[in-house]
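Notes for the structure review
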Amino acid sequence: MLTTTYEMLQNAYKGHYAVPAINTQGGTYDIIRAVCMAAEELRSPVILAHYVNTGAYSGHDWFYETAKWMAAKVSVPVAIHLDHGDSFERCMEMLKLGFTSIMFDGSALPVEENAAATEAVARVCRSFGVPLEAEIGELCRLDDKGNKMGASNIADPDVVRQYLKLCHPDSLAIGIGNAHGFYNGPVDIRAEVLEECRKFTDIPFVLHGCTGMDEELVKRSIDSGVAKINFGTQVRCQYVNYLKEGLAEGKDQGHAWKLSQYAELRLREDIKDIIRLAGSQERA
């Protein structure tokens with residue numbers, strides 16, 4: 001059932017759980033199916049997320065149409081989300097395609113510029129009835145060995161307060177030391193930043209870079225009002241590993257669909273674990 005993220009995140013915030021958002025690698029059907037079928041089995045709302053660079057092969061319209069088709073096959077709420085939209089134009093492109101959730105990421109900009117750019121996108125999204133996620137505190141990326149490829153910007157709560165006086169997104173990702181990719185050893189996640197920000201706003205928070213993060217930290221973040229948890233690296237790596245495993249064990253029997261089915265069923269169980277971590281089972 002295709003829907004926006006607005007009601008699902010409001011419900012999650014009020015209910016003290018989170019909704020899983022899974023990067024589908026540009027519209028990979030096996031991943032989209034695994035996410036939706038796991039959500040259907042556990043009666044969880046779910047978000048199908050799309051990075052612009054992962055759509056380079058299949059096309060952004062392919063992702064949208066595949067996600068929309070799969071959402072219609074299940075009875076639980078499913079949102080189609082642009083993750084880390086990097087410009088006004090990019091967000092408008094996905095809005096026109098039919099995305100039911102948009103993220104504008106202006107976190108690399110000074111706070112005033114970030115807020116102005118965020119509000120410009122938010123105004124248009126509101127006219128379409130589509131919620132906007134924003135970000136403050138730029139996330140770094142990790143290479144395959146877990147080494148930082150940029151500065152991890154832990155947001156200052158006072159700056160977050162200033163930002164929210166200047167713009168009005170529907171949800172907010174706040175940098176707390178998290179990063180995209182696999183963490184290499186212990187990571188300094190500042191959940192207390194979320195706790196401090198929660199004192200002055202009721203906006204649902206979003207936690208990016210959940211792959212490899214300590215589960216207790218994820219749960220503590222949810223207790224602080226995180227209503228959406230993002231997984232990408234873990235899911236794509238598991239999917240590729242299941243394809244390799246299926247080939248090595250002859251699960252394909254010479255048929256591509258049998259290999260896909262094997263990988264999807266294995267991945268479905270991993271998605272269920274993410275849903276249980278989020279606490280969103282039986283919330284649809």
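Residues numbered from 1 in each chain as written. Predicted model: local features only at pLDDT ≥ 70, side-chain atom pairs only at ≥ 80, totals over all residues. Heavy atoms only, no water.

The α-helix advances 3.6 residues per turn, and as a result positions three or four apart in sequence lie on the same side. With 17 residues, helix H5 (residues 111-127) should cover 24 Å at 1.5 Å per step; its first-to-last C-alpha distance of 24 Å lies within 8% of that length. Those residues of H5 that sit buried are Val111, Asn114, Ala115, Thr118, Glu119, Val121, Ala122 and Cys125. Elements that come into contact with the buried residues of H5 comprise helix H4 (88-97), strand S4 (101-104), strand S5 (132-136) and helix H6 (157-166). Positive phi shows up at glycine 129, right after H5, with a value of about 70°. (Helix = DSSP H or I, 4+ residues; strand = E, 2+ residues; numbered from the N terminus. Expected span 1.5 Å × (residues − 1). Buried < 20%, exposed > 50% of the residue type's maximum accessible area, 1.4 Å probe, protein only. Contact = heavy atoms within 4.5 Å.)

What follows concerns the packing of helix H3 (residues 60-71) against H4. The N-to-C vectors of H3 and H4 enclose an angle of 40°; their axes lie 10 Å apart at closest approach. If you check the angle between H3 and H4, you find them oblique. Between H3 and H4 lies a crossing whose hand is right-handed. Contacts between H3 and H4 involve His60, Asp61 and Tyr64 from the former and Arg90, Glu93, Met94 and Leu97 from the latter. Class assignment of the residues belonging to the contact of H3 with H4 gives a composition of 3 nonpolar, 1 polar and 3 charged. (Axes fitted to C-alpha atoms, helices over the stretch in contact; angles between N-to-C directions. Parallel < 35°, antiparallel > 145°, perpendicular 65-115°, else oblique. Left-handed = near helix turned anticlockwise from the far one by under 90°. Nonpolar A, V, L, I, M, F, W, Y, C, P; charged D, E, K, R; others polar.)

Before going further, it helps to spend a moment on the UniProt feature "binding site: dihydroxyacetone phosphate" (unreviewed entry) in the protein. Residues annotated by UniProt as "binding site: dihydroxyacetone phosphate" (unreviewed entry) correspond here to Gly181, Gly209, Cys210, Thr211, Asn230, Phe231, Gly232 and Thr233. Spatial clustering of the annotated residues is evident: they stretch over 53 residues in sequence, but the largest pairwise C-alpha distance comes to 11.4 Å. Relative to the elements of secondary structure, threonine 211 occurs in the loop between strand S9 (205-207) and helix H8 (215-223). Classification of threonine 211 as buried rests on a relative accessible area of 3%. Looking at the secondary structure, you find phenylalanine 231 in strand S10 (residues 226-231). Overall, phenylalanine 231 belongs to the buried group, its relative accessible area being 6%. (UniProt positions renumbered as here; feature names shortened; annotations may be inferred.)

Attention shifts here to the sheet that holds strand S1 (residues 19-23). Strand order in this closed barrel of 8 strands is S1-S2-S3-S4-S5-S7-S9-S10, and the pairing throughout is parallel. Pairwise comparison of adjacent strand axes, ignoring direction, gives a mean angle of 25° for this sheet. Note that strand S2 (residues 46-50) and strand S3 (residues 78-85) share 5 bridges and pair parallel. The partner of alanine 49 across the bridge, within S3, is histidine 81. (Pairing = 2+ DSSP bridges.)

A word on the environment of lysine 14. You can see lysine 14 is positioned in helix H1 (residues 5-15). Sequence separation between lysine 14 and alanine 227 is 213 residues; the distance between their C-alpha atoms is 8.8 Å.

On to empty space enclosed by the protein. Counted according to the given criterion, the structure contains 1 cavity of 30 Å³ or more. The computed volume of the largest cavity comes to approximately 60 Å³. Looking at the lining of the largest cavity, the elements that each hand over two or more residues are H1 and S5. Residue contributions to the lining of the largest cavity peak at 4 residues, all from H1. When its residues are assigned to classes, the lining of the largest cavity shows 5 nonpolar, 5 polar and 3 charged. (1 Å grid on protein atoms, 1.4 Å probe; cavity = no way out; pocket = protein on both sides within 12 Å on 5 of 7 lines; lining within 4 Å. Points joined across faces, edges and corners; volume = space filled by probe spheres on them.)

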